[in-house]
Amino acid sequence: MALVAIIGGSGLTNLKNLEITRREMIRTPYGEPSAPMVFGSLGNQNVVFLPRHGPGHTIPPHEINYRANLWALKEVGVAKVIAVASVGTITDLPPASVLFPDQIIDYTYGRKHTFFGGENRQVRHIDFTHPYCEELRQRLIKAARQANLIVTDHGTYAATQGPRFETAAEIRRLERDGADIVGMTGMPEASLAKELELCYATIAVAVNPAAGKSEREISLKEIEHNLHQGMQNVRTLLEHAIPYVVRDVHTPPE
Ligand code: HPA
């Protein structure tokens, strides 16, 4: 049966309203995913949850085994992936508001970023013009509006290497490049999902003005505060969205 998965990021290592039925560690040809898959039901709908940074938030963005995570999701029958990520804002956006990116610029390096490499494999190139699954994006936007959240319905996500935050000059460059938000985990997660033909969309939660975008330096305290509020918003949004997303998996729109 086709399933919907939620990949939780910082501030969302568990889903409080998920009724857990079982946990399973999936082994993959690429090693182990960040954590055991958590199977359960959210508002009576079956979903799978995977915390991207591990159950205790111990895996930094550049050390996440993105390939194992996506492969494992595919392996257990996932068709749609809702990725949750906290981001710094380059464009002026309210704290704890949600943005649904429609484009990505990848500034990461040295990450294992494809399933199509290595020995004895065919070279393959995927189309990545539209990195996110539009149908899922629209569902999430609709649900966020129904939940009365402050919504930005498009934007460009800059994926940086981390784990440090950027310099003010780096953010100015990202802005010139056309980026609206910046995070450290959006890639290669999105392109690996596309390689596996998973329908993938991101809920980005604004947790701080990016470097140089406010008078102050980036404050972890401020981030934690906005993360807390932002992830509350995401939980509400997921409750609204999941029944529709699950229904779409079973009866895809024409
Ligand atoms: N930069 C990169 N990643 C982030 C930020 C940021 O300012 N905030 C949250 N994740």
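Just above, that's the structure.
The following refers to the structure shown. It should be emphasised that the depicted structure is a prediction, and the values quoted were computed from it without experimental measurement. (Residues numbered from 1 in each chain as written. Predicted model: local features only at pLDDT ≥ 70, side-chain atom pairs only at ≥ 80, totals over all residues. Heavy atoms only, no water.)

1. Side note on helix α2 (residues 134-146)
Relative to the 18 Å expected for 13 residues at 1.5 Å per residue, α2 spans 18 Å between its end C-alpha atoms, a close match to the ideal helical length. Buried within α2 we find Leu136, Arg137, Leu140, Ile141, Ala143 and Ala144. Seen from one end, α2 has its buried residues packed into an arc of 165 degrees, which puts them on one side. For α2, the secondary structure elements touched by its buried residues are β5 (78-89), β6 (98-99), β8 (151-152), β11 (199-209) and α5 (220-250). Just downstream of α2, Asn148 is the residue with a positive phi angle, here 60 degrees. (Helix = DSSP H or I, 4+ residues; strand = E, 2+ residues; numbered from the N terminus. Expected span 1.5 Å × (residues − 1). Buried < 20%, exposed > 50% of the residue type's maximum accessible area, 1.4 Å probe, protein only. Arc of directions from axis to C-beta. Contact = heavy atoms within 4.5 Å.)

2. Topic: the state of the cysteines
Counted under the stated rule, the structure contains 1 disulfide. Here Cys133 connects covalently by a disulfide to Cys199, the sulfurs 2.1 Å from one another. On the sign convention where negative means left-handed, the S-S torsion of about -80 degrees between Cys133 and Cys199 marks this disulfide as left-handed. Here Cys199 lies in strand β11 and Cys133 lies in the loop between β7 (103-106) and α2, a separation of 66 residues in the sequence. Each member of the pair, Cys133 as well as Cys199, carries the same accessibility label: buried. (Disulfide = S-S within 2.5 Å.)

3. A short note on the site of the ligand
Taken together, Ser86, Val87, Gly88, Phe165, Glu166, Val182, Gly183, Met184, Val207 and Asn208 are the residues near the ligand. Ser86 places a polar main-chain atom, nitrogen or oxygen, 3.5 Å from a nitrogen atom of the ligand. The separation between a nitrogen atom of the ligand and a polar side-chain atom of Glu166 is 2.8 Å. Here the ligand loses 94% of its free accessible area of 260 Å² to cover by the protein chains. Going through the elements one at a time, β5, β10 (181-183) and β11 are the ones with two or more residues in the shell around the ligand. Broken down by element, the residue count for the shell around the ligand peaks at 3 residues, all from β5. Tallied by class, the residues present in the shell around the ligand amount to 5 nonpolar, 4 polar and 1 charged. (Near = heavy atom within 4 Å. Polar contact = N/O pair within 3.5 Å; in protein donor to acceptor, adjacent residues only side chain to side chain. Areas by Shrake-Rupley, 256 points an atom, 1.4 Å probe, with all protein chains shown as cover. Nonpolar A, V, L, I, M, F, W, Y, C, P; charged D, E, K, R; others polar.)

None of this, on its own, says anything about what the molecule does.
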